[in-house]
Amino acid sequence: MLDKFEAAALEAIEKAAQEITGNGRLETRILNAEYYMGKFHAFMEIIEGMNTDRLATIVDRTREDISNVMIFIDQIYSIRVNGR
């Protein structure tokens, strides 16, 4: 069961990271990335309740993607401020 949650979490962060370089409107890609990050965090909450060592391993493996996606999502605030 834990393996399924881990696979789902890794798939979600992978899809979120793909939105950074994807095609389409920037706003849509940001919203998609935010959606996948939400899924990632939901699965991570479940994993945390089952096995904190596994949680730490996944966080270590995905740290760079998490950071890159969060920086990408933060662009939505500059779009709103600059009126784009």
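Above this text you will find the structure in question.
Residues numbered from 1 in each chain as written. Predicted model: local features only at pLDDT ≥ 70, side-chain atom pairs only at ≥ 80, totals over all residues. Heavy atoms only, no water.

### Considering the nonpolar core
Within soluble globular proteins, side chains that are nonpolar tend to cluster in buried spots. We apply this condition: In this text, buried Ala, Val, Leu, Ile, Met, Phe, Trp, Tyr and Cys residues form a nonpolar core when linked through side-chain atoms within 4.5 Å. Three labels apply to residues, based on accessible area from a 1.4 Å probe with only protein chains included: buried if under 20% of the type maximum, exposed if over 50%, partly exposed otherwise in between. Strands are runs of DSSP state E lasting at least two residues, helices are runs of H or I lasting at least four, and both sets are numbered from the N terminus onward. Contact definition: two residues touch when any of their heavy atoms are within 4.5 Å.
Formed by 21 residues in total, the largest nonpolar core has its most connected members in Met37, Phe40, Met44, Ile47, Val69 and Ile73. For this core, the secondary-structure elements that each account for two or more residues are helix H1 (2–20), helix H2 (26–50) and helix H3 (52–73). The dominant element in this core, judged by the number of residues it contributes, is H2, at 8 residues. Contact partners of Phe40, with chain neighbours within four places excluded, come to Ala9, Ala12, Ile13, Ile58, Thr62 and Ile66.

### Things to note about the packing of H1 against H3
Condition: Each axis is a line fitted through C-alpha atoms, and for a helix only the stretch in contact is used; angles between axes span 0 to 180 degrees, taken between their N-to-C directions. Here is the rule for angles: anything less than 35 degrees is roughly parallel, anything more than 145 is roughly antiparallel, 65 through 115 is roughly perpendicular, and the remaining ranges are oblique. It is the rotation of the near helix from the far one that decides the hand of a crossing: anticlockwise by less than a right angle makes it left-handed, clockwise makes it right-handed. Amino acids outside the nonpolar list (Ala, Val, Leu, Ile, Met, Phe, Trp, Tyr, Cys, Pro) and the charged list (Asp, Glu, Lys, Arg) are all regarded as polar, and Gly is one of them.
Two elements in contact, H1 and H3, have axes separated by 9 Å at closest approach and are oriented at 20°. Of the possible angle classes, the one that applies to H1 and H3 is roughly parallel. At the point where H1 passes H3, the crossing takes the left-handed sense. Taken together, the residues of H3 that come into contact with H1 (itself represented by Leu2, Asp3, Glu6, Leu10, Ile13, Ala16, Ala17, Glu19 and Ile20) are Arg54, Ile58, Arg61, Thr62, Asp65, Ile66, Asn68, Val69 and Phe72. Its residues assigned to classes, the contact of H1 with H3 comprises 10 nonpolar, 2 polar and 6 charged.

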